[in-house]
Amino acid sequence: VFSFSIYIIVFSISSLFLYFSEKTRTKKGVSACCVIISMLLPCLLAAFRNHSVGVDVDLYVTPNFQFAKSVLKKGFFFFYENMPLQTEIGFAGIIYIGALFDSLPFSFLIMQLLVIVPIFGGLKKQSRGISLLIGMLCYFFLFYNVSLSAMRGSIAMALLFYSFYYLGTDKY
């Protein structure tokens, strides 16, 4: 119950900042700050979550992170070529950056940013008068928890969602 409450609180505060950003569109600086805070809150929640949340964490993130920490002096490409569990080079880079800072939460933060920012950007580009708040609430309640478990797939889907705008308008 406690962990569920944390998610509801973070989603509510994030949504409140998104609401304020929509109401202060004429004040670009204030609106931008509200959007940034709105996106950072769920990213921070993902970063500092319990490591038992998400299948990917124990499966390949933690082992690769530990290995990256042990081979930092040998460089990224050594790490990438010898990872205990192979992933895509970009995802390996995220894990390696976290190891550089000796912080798995930093890697989680980057991963969630790579999901939330394209989702928000895609909603903004495709909104056609629909509230961004409604779109982000749908993401929070339908897909956020999945993104904590299927991290690589969530990043890919978020980037694909963002790209739909360009595919539909022949701007690619």
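This text gives an overview of the structure that appears in the document. Note that the structure is predicted; figures quoted are calculated from it, not measured.

1. Some words on helix α6 (residues 104–126)
1) Next: In this model α6 runs 33 Å from its N-terminal to its C-terminal C-alpha over 23 residues, within 8% of the 33 Å that 1.5 Å per residue would give.
2) Next: At the N-terminal boundary of α6, the capping side chain belongs to S103, with an oxygen 3.1 Å from the backbone nitrogen of F106.
3) Next: Looking one or two residues past α6, R128 carries a phi angle of roughly 45°, positive in sign.

2. A closer look at the environment of Q66
1) Next: Positionally, Q66 belongs in helix α3 (residues 55–70).
2) Next: With 33 residues separating them along the chain, Q66 and A99 place their C-alpha atoms 7.8 Å apart.

3. Structural notes on the packing of α3 against helix α5 (residues 89–100)
1) Next: At a minimum axis distance of 9 Å, the contact between α3 and α5 shows a crossing angle of 55°. Between α3 and α5, the interaxial angle falls into the category oblique. Considering the relative orientation of α3 and α5, their crossing is right-handed. Contact with α3, carried on its side by Y60, V61, N64, F65, A68 and K69, involves F91, I95, Y96, G98 and A99 of α5 and no other residues of that element.
2) Next: Counted by class, the contact of α3 with α5 contains eight nonpolar, two polar and one charged residues.

4. A few points about the packing of α3 against α6
1) Next: At a minimum axis separation of 11 Å, α3 and α6 run at an interaxial angle of 120°. Judged on the interaxial angle alone, α6 and α3 are oblique. Handedness of the α3/α6 crossing: right-handed. Here α3 contributes V57, V61, T62 and F65 to the contact with α6, which in turn contributes L104, F108 and M111.
2) Next: Classifying every residue of the contact of α3 with α6 gives six nonpolar, one polar and no charged.

5. Re a positive patch on the surface
1) Next: A cluster of like positive charges, contributed by K23, R25, K28 and K124, occupies part of the molecular surface.
2) Next: When you line up the elements, K124 lands in helix α6.

6. Considerations on α5
1) Next: Its 12 residues give α5 an end-to-end C-alpha distance of 16 Å, which sits within 8% of 16 Å, the value for a rise of 1.5 Å per residue.
2) Next: Of the positions making up α5, those classed as buried are F91, A92, G93, I94, I95, Y96, G98 and A99.
3) Next: As for α5, its buried residues are in contact with α3, α4 (76–81), α6 and α9 (151–168).
4) Next: Residue D102 follows α5 closely and has a positive phi angle near 55°.

Parameters and conventions
- Residues numbered from 1 in each chain as written.
- Predicted model: local features only at pLDDT ≥ 70, side-chain atom pairs only at ≥ 80, totals over all residues.
- Heavy atoms only, no water.
- Helix = DSSP H or I, 4+ residues; strand = E, 2+ residues; numbered from the N terminus.
- Expected span 1.5 Å × (residues − 1).
- Polar contact = N/O pair within 3.5 Å; in protein donor to acceptor, adjacent residues only side chain to side chain.
- Axes fitted to C-alpha atoms, helices over the stretch in contact; angles between N-to-C directions.
- Parallel < 35°, antiparallel > 145°, perpendicular 65-115°, else oblique.
- Left-handed = near helix turned anticlockwise from the far one by under 90°.
- Contact = heavy atoms within 4.5 Å.
- Nonpolar A, V, L, I, M, F, W, Y, C, P; charged D, E, K, R; others polar.
- Patch = residues over 30% accessible without salt bridge, like charges linked within 9 Å, V, L, I, M, F, W, Y side chains within 5 Å.
- Areas by Shrake-Rupley, 256 points an atom, 1.4 Å probe, with all protein chains shown as cover.
- Salt bridge = Lys/Arg side-chain N within 4 Å of Asp/Glu carboxyl O.
- Lys, Arg positive; Asp, Glu negative; His and termini not counted.
- Charge placed at Lys NZ, Arg CZ, Asp CG, Glu CD.
- Buried < 20%, exposed > 50% of the residue type's maximum accessible area, 1.4 Å probe, protein only.

Take it as geometry only, folks, not as evidence of what the structure does.
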